[in-house]
Amino acid sequence: MINLAAGNMNNIIKNEMTVFGRKLVENGLTTSFFGNISAYENGVLYATKTGSMLDDLGDENIVELFLDKECPNDKLATTELCVHKKIICETGAKRVMHAHTVFSILAGDFFKEAACFAAAEILPFLKYVPVVTGKSGSDELAVNVAEGLTMNKIVIVKDHGVFAVGDTLKECYVYISGLEFYAKALMLKKLFVKNGII
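These numbers come from a predicted model, not from an experiment. (Residues numbered from 1 in each chain as written. Predicted model: local features only at pLDDT ≥ 70, side-chain atom pairs only at ≥ 80, totals over all residues. Heavy atoms only, no water.)

How should the sheet that holds strand β5 (residues 114–115) be read in this particular structure?
Pairing between the strands of a sheet comes from backbone hydrogen bonds, and it takes one of two forms, parallel or antiparallel. One open sheet holds the 8 strands; their spatial order is β3-β2-β1-β4-β8-β7-β6-β5, and the pairing between them is mixed. Lying at the two open borders of the sheet, with one neighbouring strand each, are β3 (62–65) and β5. Pairing of strand β7 (residues 154–157) with strand β8 (residues 161–166) involves 4 bridges; the strand directions are antiparallel. Within the sheet, the bridge partner assigned to Val157 lies in β8 and is Gly161. Along the sheet, helix α4 (residues 139–148) contacts β6 (129–132), β7 and β8; its crossing angle with β7, the most-contacted strand, is approximately 145 degrees. Across the face of the sheet, helix α5 (residues 169–194) comes into contact with β1 (35–41), β4 (95–99), β6, β7 and β8 while running at roughly 145 degrees to β8. (Pairing = 2+ DSSP bridges. Helix = DSSP H or I, 4+ residues; strand = E, 2+ residues; numbered from the N terminus. Contact = heavy atoms within 4.5 Å. Axes fitted to C-alpha atoms, helices over the stretch in contact; angles between N-to-C directions.)

Structure below.
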C-alpha cells in the first residue's frame, strides 16, 4: 500500500476518521457497512476502503490517495471515491462524510429539488437542503452532489443517503445528525397527522 503522508498529521487525520466513523454507527446514523468518509490535507486524500466497517476503522482500512490523479490505492478505496474527489475539487472542502440516514432518505421523497425544515431559524443549513439523484458511485452522482454542496453543506441523495462537507468531520457530523433529527420529527409528524393522533 502506498503511504503518501508521514508523521503526526497522518495519525491525527486517521484518528479523526476513526472517531467519527464510530459516532455515526453508535448514534444510529448509519450501519457499519453503509457510508464512507474522506479527508483532504496537505495534498493527500484519505478515504475509507471499500467494505470498511465505519465503527471499526484503523490504519488497515483507510487509504491514502492523490486528488488530481490516479494511483494503485484507488482500487482499494470506497466505491464512492469519484464522488468524494468531485466534491473536494468543486467545493474546496477538507472533509466529506456520507451516511445512509433513514429519516433523511424518507424526507427526500417529500421534496422535489430541496428540503426545508421549520428549525431553519436556529439551524440555517436546514433552510435549503438540495435533493439530488444519481446511481451510487457514478459520475452523474458525483456531479449532482458536488453541485448541491456548492449551495449548502449537506445534500440528500434520493433513495440513497446524505453527503456533508466541512473543515472538520465534527462539522460534517453536526450537519448529518441535525438533518436526521429534524427529518425524523417531520416524518413522525406526518405519520401522526395521517393517523389522527395529532
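Once the structure has been displayed, the description carries forward.
Explain the state of the cysteines here, please?
Defined simply, a disulfide is a covalent bond joining two cysteines at their sulfur atoms. For the structure shown, the criterion picks out 0 disulfides. The cysteine Cys82 is free of any disulfide, with Cys89 supplying the nearest cysteine sulfur at 11 Å. (Disulfide = S-S within 2.5 Å.)

Honestly, the nonpolar core in this entry has me stumped. Any pointers?
In globular proteins that are soluble, nonpolar side chains generally tend to be buried together. Core analysis: the largest hydrophobic core is formed by 36 residues, its most contacted members being Leu24, Met97, Ile154 and Ile176. At the level of secondary structure, the elements contributing two or more residues to this core comprise α1 (7–26), β1, β2 (44–48), β4, β6, β7, β8 and α5. Among the elements that take part in this core, α5 stands out by supplying 8 residues, more than any other. With residues up to four places along the chain from it excluded, the contact list for Ile154 reads Phe125, Val129, Pro130, Leu149, Val162, Phe163, Ala164, Tyr175, Ile176 and Leu179. Judged by nonpolar contacts, the second largest core, of 23 residues, contains Leu81, Val132, Ala142 and Ala146. (Core = buried A, V, L, I, M, F, W, Y, C linked by side-chain atoms within 4.5 Å. Buried < 20%, exposed > 50% of the residue type's maximum accessible area, 1.4 Å probe, protein only.)

Explain α5 to me, please; I cannot follow it from the model alone.
Here α5 spans 37 Å end to end across 26 residues, near enough to the 38 Å set by a 1.5 Å rise per residue. For α5, every residue scored as buried is listed here: Leu169, Cys172, Tyr173, Tyr175, Ile176, Gly178, Leu179, Glu180, Ala183 and Met187. One or two steps after α5, the chain reaches Gly196, where phi turns positive at roughly 70 degrees. (Expected span 1.5 Å × (residues − 1).)

Can you walk me through the pairing of β2 in this structure?
A regular strand places its side chains on the two faces of the sheet in alternate fashion. Extensive coverage of β2 is indicated by the burial of 5 of its 5 residues. Neither face of β2 is left uncovered, since the one carrying Val44, Tyr46 and Thr48 and the one carrying Leu45 and Ala47 both have all their residues buried. One ladder, built from 4 bridges, connects β1 with β2; its direction is antiparallel. Bridge assignment links Ser38 to a residue of β2, and that residue is Ala47. Relative to β3, β2 is paired through 4 bridges, and the arrangement is antiparallel. Residue pairing across strands places Ala47 opposite Val63, the latter belonging to β3.

Would you take a moment to explain the packing of aromatic side chains for this structure?
Each aromatic ring pair is summarised here by two numbers: the centre-to-centre distance and the angle between the ring planes. According to the stated counting rule, one finds 4 aromatic pairs in the structure shown. Relative to Tyr175, the ring of Phe125 lies with its centre 4.9 Å away and its plane at 70 degrees, an arrangement referred to as edge-to-face. A residue pair is termed long-range when its members are at least 10 positions apart, and Phe125 in the loop between β5 and β6 and Tyr175 in helix α5 qualify at 50 residues. We classify Phe125 as buried; its relative accessible area is 10%. We classify Tyr175 as buried; its relative accessible area is 13%. With a centroid separation of 5.0 Å and 80 degrees between ring planes, the pair formed by Phe181 and Tyr182 is classed as edge-to-face. When the ring centre of Tyr173 is taken as reference, the NZ or CZ atom of Lys23 above it lies at 5.1 Å. Sitting over the face of the ring of Phe66, Lys69 holds its NZ or CZ atom 4.6 Å from the ring centroid. (Phe/Tyr/Trp six-rings, centres within 6.5 Å; stacked < 30°, edge-to-face > 60°. Lys NZ or Arg CZ within 6 Å of the ring centre and 35° of its normal.)

Which parts of the structure should I look at to understand α4?
Since one α-helical turn is 3.6 residues long, residues separated by three or four positions face the same way. Along α4, the positions that sit buried rather than exposed are Leu141, Ala142, Val145, Ala146 and Gly148. For α4, the angular spread of buried residues about the axis comes to 160 degrees, placing them on one side. Of the surrounding secondary structure, the elements contacted by the buried residues of α4 are α2 (81–91), β6, β7 and β8. (Arc of directions from axis to C-beta.)

So far we have only geometry, and geometry alone does not tell us how the molecule works.
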